[in-house]
Amino acid sequence: MPQLTRDLWKEKIISKLKSDKGKELEDASNKDIYDIISSMVNEEIMPQWVATQKKYKEENCKQVYYVSMEFLIGSLLESNLLNCGMLQISNEVLESIGKNPQEVYSQEHDAGLGNGGLGRLAACFMDSLASLSYPGHGFGIRYRYGLFEQRIIHGNQIELPDYWLKDNYAWETRKEEEAICIHFRGDVHMFRKNDGNLEFKYENTDKVLAVPYDVPIVGFQNQVVNTLRLWSAEPYYEDKDNVYREGSKYYHDLDHKHSIEQISGFLYPDDSNHEGKELRLKQQYFLVSSSIQNIIHHFKKNYKLPLKRLPEKVVIQINDTHPSLIIPELMRILMDEENFSWNNAWEITTNVIAYTNHTIMSEALETWPTSMMQELLPRIYMIINEINERFCKGIWFDHEELRNQIPNMAIIADNYVHMARLAIVGSFSINGVARIHTEILKKQEMKIFYQLYPERFNNKTNGINHRRWLLQVNPKLAGLITDVIGPQWIQRPKQLISLLKYSKDSSLLERFDTVKSENKQRLANYIYEQTGVLVDHHSIFDVQIKRLHEYKRQLLNIFHVLYLYNELKENPNLNMVPRTFIFAAKAAPSYHLAKEIIKLINKVASIVNYDTTIQNKLKVIFLENYNVSLAEKIIPAADISEQISTASKEASGTGNMKMMMNGALTVGTLDGANIEIRDLVGERNMFIFGLTADEVLNYYQNGGYRAIDIYNTDDRVKRILDQLNQGEFGSHEIEFKDIYYNILYHNDPYFVLKDFEPYIETHELVEQAYRDKLTWLNMSVTNIAYSGKFSSDRTIQEYVAEIWKLKKL
Ligand SMILES: *Cc1c(COP(=O)(O)O)cnc(C)c1O
């Protein structure tokens, strides 16, 4: 970086500190510096943002709108600096003024507007769209409280509100003048017009104002800046004069104001587990109504084309079924406001909407009670009813072979609206998120719909943004890779494959080893600061970080720890490579068993970490408050990536991809994208174990699994379960009995005991492999080399080519 630019930067920081903060450099806190740097980045971004939107308008290009209830974007300063090409200078200047860059960047509070994988995927997609110069924008909700902040107190998860907006969010711009009115409830009146068609009018609706806050999405060093538009709910005042006249009335109506602001008040903390709460339904409609009104307004203003040509310029991808009310909402606008006939409106709608499915777990498939829908959204409910009637009639008359399946396909059945069915019927594309997941959708979960609409189903294996998850979070590894194969991989991640040529070069492998070792040392320091536990960076860092769920089987992992601990108690001189088990996970606040598992992990940690007889061979670390920033700290230091879901349950997983890209070796089941990792690196370069999806599905259908038999025949298992039951790990008797009962009396629904033995054996292979340093490093580099496929750039290219049909700017 030229000295001149550096000096200019430094001068600018100093002068802005004076003018914006009234401070001299030596009095400035990290937060002051954070504020200054982010405002300097904004000065760079804003003109590019305006220019990008102008170009889109001039070129009249087709745009994709990604509508999602969650965007887990994490923090933005460092990635914006990187994408603007300013990261290096910023790091240098901060160091020259005696500031630690990471400490400055970490002043930003994560935007935790998502639960986990689904929300993080949306964030990675936003980045890849901009970085590949595609016109793509996101629509989401500006929750005032993101996902709760987790504390662990006496081993228990405690949830605190995440008020991420408390010291202003540097990256948002409020656009009050573009606010949109949303209607709930009210009376629907039907008239017959002179031409014989029906006309609908609504009265006495509850009005809510949707105010957009725009966040710039900066492409990687390409001057493209797209928009993530987040809606905030505010009271709607019909008549401003009235407000002045009756101001005090509005002022005193705080309950009303509060109940409206609740709509964008907080993110529901349940990932995948659906709860039929009215406020959640309000949030969903609030998101889709504001977004589609905005899309139509923009289309009319910029394209000057008749609305029937909407599908030529607009495609809307809905992230899971949460935004599927966009289908009846678009129908409503086209018919009630734009005078389209049903058939013409349906033609437009079903050529604009595309749907991504994220799970096959039945408890996660969304349904809403018809009574709730009817009361909250009367006109929308009428339209869903009509969609359903026409759909069922169509099957009855045109698909005799499916007649007896109508009860399993109807959008409204047993007094519930089935959102996945609505999404399938109302969209032109339905995609799963990994090959096996899409196959299960086609062959099992959505088999009848696949018979009906085979051409709609397609796969788009998930990906991660390799610039954030490698270049940004692991600069040492990225630097080494660039040293070896040049920088092309940053634009074309598949080029990482060039590393294969060097994967047996022992001097190079040593360099990779040094990088991993430094990353582990850094994480060890963080662990010490956070927990007071000293971990040895020569031990194997065995990492499982993800939402806590029975199907993800953190329990299997902690059973392995208990098995090792019991072995060590029998034989303290056991020759084993020391291990550090690292966990991080939030449980949904209402998910009792998940919280029990967190408590168990922490209990085991508190015993194992302080038992001097085992000579520090085992450490168990639970890092609290798992979020994007914590993931960024842990992933570069992982040796082992635990991806051990019950086969068939994990649609794709993306944590597996992040860790592979950072050189961790996967211990995993043949589930989700693990299978596609295996296809690339081969079983020699990872550790596959356990039941297959077919075996699991067969057990579910035909029975034949008895957990109690394993308990009775495997002493290792019996010992662990008895330890839980007899309170050996609890302070009082009843602790952990629920876990015990769930496994033995509910027949271990996620096959923890069934996979226990193969899992233990696989970990013995892990240990053997780790003892052979060069082989291990070779495996690790092989994984990095093949990880390019899992860049979200590849995923986005596939969406563009096969679903969205966009042109690059
Ligand atoms: C990547 C990521 C996830 C998803 O992890 P999985 O292992 O795929 O479940 C969840 N939360 C955060 C913060 C992430 O970064």
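Look up: the structure comes first, before these words.
Now for a quick tour of the structure. Being a predicted model, the structure only gives us computed values, none of them experimental.

Here we come to the overall build of the protein. For the protein, the helix and strand inventory stands at 35 helices and 25 strands. In terms of overall dimensions, the protein is globule-like: its C-alpha atoms have a radius of gyration of 27 Å, near the 28 Å expected for 809 residues. Projecting the C-alpha coordinates of the protein onto the three principal axes gives extents of approximately 90 × 75 × 55 Å. Burial status across the protein gives 61% buried among its 809 residues. For the protein, contacts bridging at least 24 residues in sequence account for 77% of all contacts bridging at least 6. Element-wise, carbon and sulfur atoms account for 47% of the exposed surface of the protein, whose accessible area totals about 32100 Å². Taking the average location of the 92 positive side-chain charges in the protein and that of its 107 negative ones, the two points are 4 Å from each other.

What follows deals with the packing of helix α12 (residues 326-337) against helix α15 (residues 378-398). How two helices sit against one another is set out by the angle between their axes and by the gap between those axes. Running from amino to carboxyl end, α12 crosses α15 at an angle of 100 degrees, the nearest separation of the two axes being 9 Å. What the angle tells us is that α12 and α15 run roughly perpendicular. Across the interface between the two elements, I327, P328, E329, M331, R332, M335 and D336 of α12 pack against R379, I380, I383, I384 and I387 of α15. Along the lines of polarity and charge, the residues of the contact of α12 with α15 split into eight nonpolar, no polar and four charged.

Of note, W776 is situated in helix α34 (residues 773-786). With a relative accessible area of 4%, W776 lands in the buried category. Sequence spacing of W776 and D513 is 263 residues, and the spatial spacing of their C-alpha atoms is 9.7 Å. Discounting chain neighbours no more than four positions away, the residues touching W776 are D639, I640, L665, F687, V766, A769 and Y770.

Okay, the sheet that holds strand β16 (residues 412-413) next. The strands that make up a sheet pair up through hydrogen bonds in the backbone, lying either parallel or antiparallel. One open sheet accounts for three strands, arranged β15-β17-β16; its pairing is antiparallel. Of all the strands in the sheet, the pair left with one neighbour each is β15 (367-369) and β16. Alignment of β15 against strand β17 (residues 416-418), held across three bridges, turns out to be antiparallel. Following the sheet pairing, W368 is matched in β17 by V417.

Looking at the ligand, there are 14 residues lining it, with K546, K552, T654, G655 and K658 nearest. For the ligand, an oxygen atom lies 2.7 Å from a polar atom in the side chain of K546. Within the backbone of G655, an N or O atom sits 3.0 Å from an oxygen atom of the ligand. Isolated, the ligand exposes 390 Å² of accessible area, and the fraction of that covered by the protein chains is 96%. Broken down by secondary-structure element, the contributors of at least two residues to the shell around the ligand are α26 (628-634) and α27 (655-661).

Glancing now at the sheet that holds strand β25 (residues 687-688). Strand order in this open sheet of six strands is β22-β21-β20-β23-β24-β25, and the pairing throughout is parallel. Strands with a single pairing partner mark the edges of an open sheet, and in this sheet they are β22 (618-622) and β25. By the bridge criterion, six bridges tie strand β20 (residues 540-545) to strand β21 (residues 579-584) in an arrangement that is parallel. Note that in β21 the partner of V543 across the bridge is I582. The strands touched by helix α23 (residues 506-531) are β20, β21 and β22; relative to β22, the strand with the most contacts, the crossing angle is about 70 degrees.

Once that is clear, we can look at the environment of N602. In this structure, N602 sits in helix α25 (residues 592-608). In this structure N602 comes out as buried when scored by relative accessible area, which is 14%. With residues near it in sequence (within four places) discarded, N602 still touches I152, G155 and F622.

With their axes 9 Å apart at the nearest point, helix α21 (residues 475-485) and α23 run at an angle of 165 degrees to one another. Classed by the angle they form, the pair α21 and α23 counts as roughly antiparallel. Between α21 and α23 lies a crossing whose hand is right-handed. Residues K476, L477, L480, I481, D483 and V484 of α21 form the contact with α23, whose participating residues are L508, R511, F512, V515, E518 and N519. Grouping the amino acids of the contact of α21 with α23 by side-chain chemistry returns seven nonpolar, one polar and four charged.

This next bit is on the environment of L121. With respect to the element layout, L121 can be found in helix α6 (residues 117-131). Classification of L121 as buried rests on a relative accessible area of 1%. When the C-alpha positions of L121 and A345 are compared, they lie 31 Å apart, and in sequence the two are 224 residues distant. Aside from chain neighbours lying at most four places away, what touches L121 is Y66, H358, N462 and G463.

Structurally, the position occupied by T782 is in helix α34. From its side chain, T782 meets the backbone oxygen of N778 in a polar contact 2.6 Å long.

We now examine the packing of aromatic side chains. If you walk through the whole model with that rule in mind, you get 24 aromatic pairs. Aromatic pair W164 and Y169: ring centres 4.8 Å apart, planes at 70 degrees, arrangement edge-to-face. What makes W164 buried here is its relative accessible area of 2%. Arranged with centres 5.7 Å apart and planes meeting at 70 degrees, the rings of F184 and Y285 form a pair that is edge-to-face. In this pair, F184 sits in strand β8 (residues 180-184) while Y285 sits in helix α10 (residues 278-303), placing the two residues 101 residues apart along the sequence. For Y285, a relative accessible area of 3% puts it in the buried group. When the ring centre of F541 is taken as reference, the NZ or CZ atom of K520 above it lies at 5.0 Å. A cation over a ring is seen here: K586 above F148, with NZ or CZ 5.5 Å from the ring centre.

A separate point is helix α33 (residues 756-771). Between its first and last C-alpha, α33 extends 23 Å over 16 residues, near the 22 Å set by a 1.5 Å rise per residue. Inspection of α33 places F756, Y759, I760, T762, H763, V766, E767, A769 and Y770 among the buried residues, and these make up the whole buried set.

Analysis parameters
Residues numbered from 1 in each chain as written. Predicted model: local features only at pLDDT ≥ 70, side-chain atom pairs only at ≥ 80, totals over all residues. Heavy atoms only, no water. Helix = DSSP H or I, 4+ residues; strand = E, 2+ residues; numbered from the N terminus. Rg over C-alpha atoms; globule rule 2.2 N^0.38 Å. Buried < 20%, exposed > 50% of the residue type's maximum accessible area, 1.4 Å probe, protein only. Contact = heavy atoms within 4.5 Å. Areas by Shrake-Rupley, 256 points an atom, 1.4 Å probe, with all protein chains shown as cover. Lys, Arg positive; Asp, Glu negative; His and termini not counted. Charge placed at Lys NZ, Arg CZ, Asp CG, Glu CD. Axes fitted to C-alpha atoms, helices over the stretch in contact; angles between N-to-C directions. Parallel < 35°, antiparallel > 145°, perpendicular 65-115°, else oblique. Nonpolar A, V, L, I, M, F, W, Y, C, P; charged D, E, K, R; others polar. Pairing = 2+ DSSP bridges. Near = heavy atom within 4 Å. Polar contact = N/O pair within 3.5 Å; in protein donor to acceptor, adjacent residues only side chain to side chain. Left-handed = near helix turned anticlockwise from the far one by under 90°. Phe/Tyr/Trp six-rings, centres within 6.5 Å; stacked < 30°, edge-to-face > 60°. Lys NZ or Arg CZ within 6 Å of the ring centre and 35° of its normal. Expected span 1.5 Å × (residues − 1).

Treat this as a map of the structure, not an account of what it does.
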